Structure formats: C-alpha cells, structure tokens
Amino acid sequence: MSNVKPQREGNILQIKQRPISYTRHPVVRGERRYGLQTRIFATNPWSIIRGALIDIIDSNARSQANAFVEQAEDFYRAYQSAHETSSKPLLVYYALLNLVKAFVLFKEVKNEYGKAQHGIQEGIHPGGQEFDDSFLKAYRSRASDVNIFDDFMAAFTGAGIQGREKVFDLKNIHPQLLQGHRLWAAAHSSQERFVEVERIDFMQNSTEKKIWLVLNFYADDLARFGISRKRLLEEGGLASAFHNVRSGEVLDGRLLLKFEQTKPLAYTGRPSDKLEELINPIKNQIWSAVLRMPPYRKNYVYLSPVNEQAHRLPQILSIYAFIYYLGSVTRYRPYFFDNLLSRPDGAHIEELISNVPQQFLFLIASEFAGREVAHAPIV
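Here we summarise the structure given alongside this text. (Residues numbered from 1 in each chain as written. Predicted model: local features only at pLDDT ≥ 70, side-chain atom pairs only at ≥ 80, totals over all residues. Heavy atoms only, no water.)

Moving on to the overall build of the chain. Looking only at helices and strands, the chain has 12 helices and 19 strands in total. Against the globule reference of 21 Å for 379 residues, the chain gives a C-alpha radius of gyration of 21 Å, in line with a compact fold. With the C-alpha coordinates aligned to their principal axes, the bounding extent of the chain is approximately 60 × 50 × 50 Å. Looking at the chain as a whole, 52% of its 379 residues qualify as buried. A fraction of 70% describes how many contacts in the chain between residues 6 or more apart in sequence connect residues 24 or more apart. On the chain, roughly 17,900 Å² of surface is accessible, and the fraction owed to carbon and sulfur atoms is 47%. (Helix = DSSP H or I, 4+ residues; strand = E, 2+ residues; numbered from the N terminus. Rg over C-alpha atoms; globule rule 2.2 N^0.38 Å. Buried < 20%, exposed > 50% of the residue type's maximum accessible area, 1.4 Å probe, protein only. Contact = heavy atoms within 4.5 Å. Areas by Shrake-Rupley, 256 points an atom, 1.4 Å probe, with all protein chains shown as cover.)

Here the focus is helix H3 (residues 88-106). For H3, which comprises 19 residues, the first-to-last C-alpha distance of 27 Å matches the rise-based estimate of 27 Å (1.5 Å per residue) to within 8%. A large share of H3 lies buried, amounting to 17 of its 19 residues. The positive-phi residue at the C-terminal boundary of H3 is glutamate 108, with phi of around 65°. (Expected span 1.5 Å × (residues − 1).)

This brings us to the packing of aromatic side chains. The full count for this structure, using the stated rule, is 21 aromatic pairs. Relative to tyrosine 324, the ring of tyrosine 93 lies with its centre 5.4 Å away and its plane at 75°, an arrangement referred to as edge-to-face. Of the two residues, tyrosine 93 sits in helix H3 while tyrosine 324 sits in helix H10 (residues 315-332), which places them 231 residues apart along the sequence. One exposure class covers both tyrosine 93 and tyrosine 324, and it is buried. When the centroid spacing of 6.3 Å and the interplanar angle of 85° are considered together, the rings of phenylalanine 194 and tyrosine 300 count as edge-to-face. Highlighted residues: phenylalanine 194 in strand S10 (residues 194-197) and tyrosine 300 in strand S18 (residues 297-302), separated in sequence by 106 residues. For phenylalanine 194, a relative accessible area of 9% gives the class buried. Within the aromatic cluster, the residues linked to one another by ring pairs are Phe75, Tyr93, Tyr94, Phe103, Phe106, Phe149, Phe152, Phe156, Tyr320, Tyr324, Phe360 and Phe368. Positioned above the aromatic ring of tryptophan 212 is the side chain of arginine 8, whose terminal nitrogen or guanidinium carbon lies 4.9 Å from the ring centre. (Phe/Tyr/Trp six-rings, centres within 6.5 Å; stacked < 30°, edge-to-face > 60°. Lys NZ or Arg CZ within 6 Å of the ring centre and 35° of its normal.)

Okay, the side chain of glutamate 73 next. Relative to the elements of secondary structure, glutamate 73 occurs in helix H2 (residues 59-81). The buried category is assigned to glutamate 73, whose relative accessible area is 15%. If we skip the residues at most four places from it in the chain, glutamate 73 touches Asn44, Trp46 and Arg50.

Phe149, Phe152, Tyr320, Phe360 and Phe368 are the most contacted members of the largest nonpolar core, which totals 73 residues. The element contributing the most residues to this core is H3, with 13 residues. Ignoring sequence-local partners within four residues, the contact set of phenylalanine 152 consists of Val100, Phe103, Val104, Ile316, Leu317, Tyr320, Phe360 and Ile364. Within the second largest apolar cluster, 32 residues are counted, among which are Phe225, Phe259, Ile279 and Val301. (Core = buried A, V, L, I, M, F, W, Y, C linked by side-chain atoms within 4.5 Å.)

A few words on unusual backbone geometry. The linkage connecting proline 294 with the following residue, proline 295, adopts the cis geometry, with an omega of 10°. The topology assignment puts proline 295 in the loop between strand S17 (286-290) and S18. With phi around 75°, phenylalanine 131 is a residue other than glycine that occupies positive phi space. Mapped onto the secondary structure, phenylalanine 131 falls in the loop between strand S7 (120-124) and strand S8 (134-139). What makes phenylalanine 131 buried here is its relative accessible area of 3%. If you check the backbone angles, tyrosine 296 has positive phi at about 75° while not being a glycine. Relative to the helices and strands, tyrosine 296 resides in the loop between S17 and S18.

Running from amino to carboxyl end, H3 crosses helix H4 (residues 148-157) at an angle of 50°, the nearest separation of the two axes being 9 Å. The angle between the axes of H3 and H4 places the two elements in the oblique class. Read as a crossing pair, H3 and H4 show a hand that is left-handed. Here Leu97, Val100, Lys101, Phe103 and Val104 of H3 come into contact with H4, specifically with Ile148, Asp151, Phe152, Ala155 and Phe156. (Axes fitted to C-alpha atoms, helices over the stretch in contact; angles between N-to-C directions. Parallel < 35°, antiparallel > 145°, perpendicular 65-115°, else oblique. Left-handed = near helix turned anticlockwise from the far one by under 90°.)

Printed below as a string of structure tokens:
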C-alpha cells in the first residue's frame, strides 16, 4: 500500500534488559518511582482478591467487601458443584454480583452498600421475540438510587453511564463474549469478529524521549476473513489512536501487519513512569483469554459493526451483562432457558456457562491485584 506511512524511528523498550509484555497493569508505583510489574501465578484467585482487600482504608468498607467476597466464593463453589445446567447461571450471577460490589468498594467508588439495585434489567423490544429481540437497560447510579452495574462500570473504566439510562441489545452483547465465539459465528452463519493480536510492542526513541505502542497482527488472519486494515481500526475501536505503518517483518513464515500509536507519549524521567498512561487508549479495546500455559494470556481485538458500536462494552462488563440475563431467565423463566439450549447457538451458551465464570474470576482478580493473575501451569 503506497499510502502507508513508514514506522517511527525507535527500538523496543526494555526495562532491566527485558522487553515489556502487554498487560492492563504493566507497572506498580513504589515509594519514589514506578517499577515493572510481574505476573502472579495462582490456583486460587480468591486468596489474591482477599489479600487485596487489606488495602481498603475505611474499616466499614473493608468489612463489607470481605463479606461480599466470602459470599461470592460460596456461590461460585455452588455453581461448580451444581449438576443441572439450568441452575448454574443464577449461581454464577450472584457470585459475580458480590465480587463486583467488593470491587466497587475496593476502588472507592462507594464506601458502603446498604440498599442497592442490580442497576440493569431485561426487556423485549415491542413486537419482538425473547432473546432475539431482548435488551438490557442499565441505569445511572445516584446517591438516592444506587445501581450496581453503573458503579461497576465507573470502578472499571473510570466513567459510568452517560445520561439517566442506556439500552444494550442482547444480540449485540452476545458476540462480544470471547470464549466459544466460533460457536456463535457458526450458529449465526456470521464471520468471526475476534482478531488475535500476535504481539504488542512497547517502543522508545530515547533521543527524543518518546514512547509508543505498536500492535502486530498476522496478515493472513485478516485476509482469510476479508478484513481490511481500515476496518480493523474502525470496528476495533482503534482508529482514533493508531494508524497502519509499513512492515516487512515475517514471523514463522507469516507477514506481520503493524499499527502504530499515532501520538507518542513524551517522558522526562524514566519511560516506565508513563506506561500506565500509554496503554490507556487501548486497554478497554483489548480482550484477553486466560490460559493455563505460556503465554498465559492471548489478546484479541473485537470488531463491532458500525450499527453495533453503541452497544460495545469492555470485556469484563459484557460478560457480567450477559450472565445477568441468563441468571434472570433461570430465576424467573427456567422453562425458557431449556428453549435457549435447544437453539442453534445453544452450544455457545453452554460453553459460556462452563468456561466464562473462571475467565471472569481471573480477570477481576487481576484488577484487584493491580497486576496480571495467571492460572498456575499444570505440571
């Protein structure tokens, strides 16, 4: 492509002679400066979460958060031992709900939870069919009307719902769930929407004292689905922050396409001091799969069609919203849940119930810990 820009002059940023691996929390702040964060391996992420709660300063908030985590773990254990698939979504939802309340207290968005509402409710568009035309309506949290979903959004992203309420169509949340996505695509005769990010490079120009990111994708991954570079940026939520640059790198016989951060970030002291700020434009645009073996995380970009952009949520929020819907169905209309499993995408829903709760658990444990929590490898 003749109009593709050359790469900015620079080298891979290394700290203590090591390149930096992408994570939502690449550094930790010490007494005087930032240091490179390390991965935690755990078979029991609950202990990581409980350990983080010690940092809650307010004793009442800390006590409440510990109680919520205790109850969340109990619901989670009940989910794991449940025999009937139809009973699992509600148990999972209440586990997630209590984890989320603890997380909101941990992030100091709230300092207590007395009376609170789910902050999200399901409905069906007029004249529509359940599930196909279902929606989730989320409500803004206020002092007199505490809504947990909005609190969670604020704790995770830094900003809650804009306006008094927001509607998300369920059919547009469903494909945002990474696990089993190919089952969803097959059931809907749809093209896959997740593109794996082969590598995220942290780049540096030490002379100019600037750092930036470069996203690397295999060219053949885009080619097999007919995804243009422009579409990748626009539907992946990256167009405002990245642009395509020339690449001649071949890895394992496959060409890598490179997308460079448009505005490099200047630093004055050490580049590590700016790493958190550097990843802010992309950290809610990257989906991660938690693995039990190296590399322990695989990262993806989700492509939202233009007419679905308003329904896009960060990964952990889309999981929570969809599990809320399934939990609501199994609580109030268990007979309809059986109908869901008999649909063409029933296999995807079963896959979600089996695997997504553990993914959520490790993802939110990483947020509590402020560093990547990985499943301890099987030996």
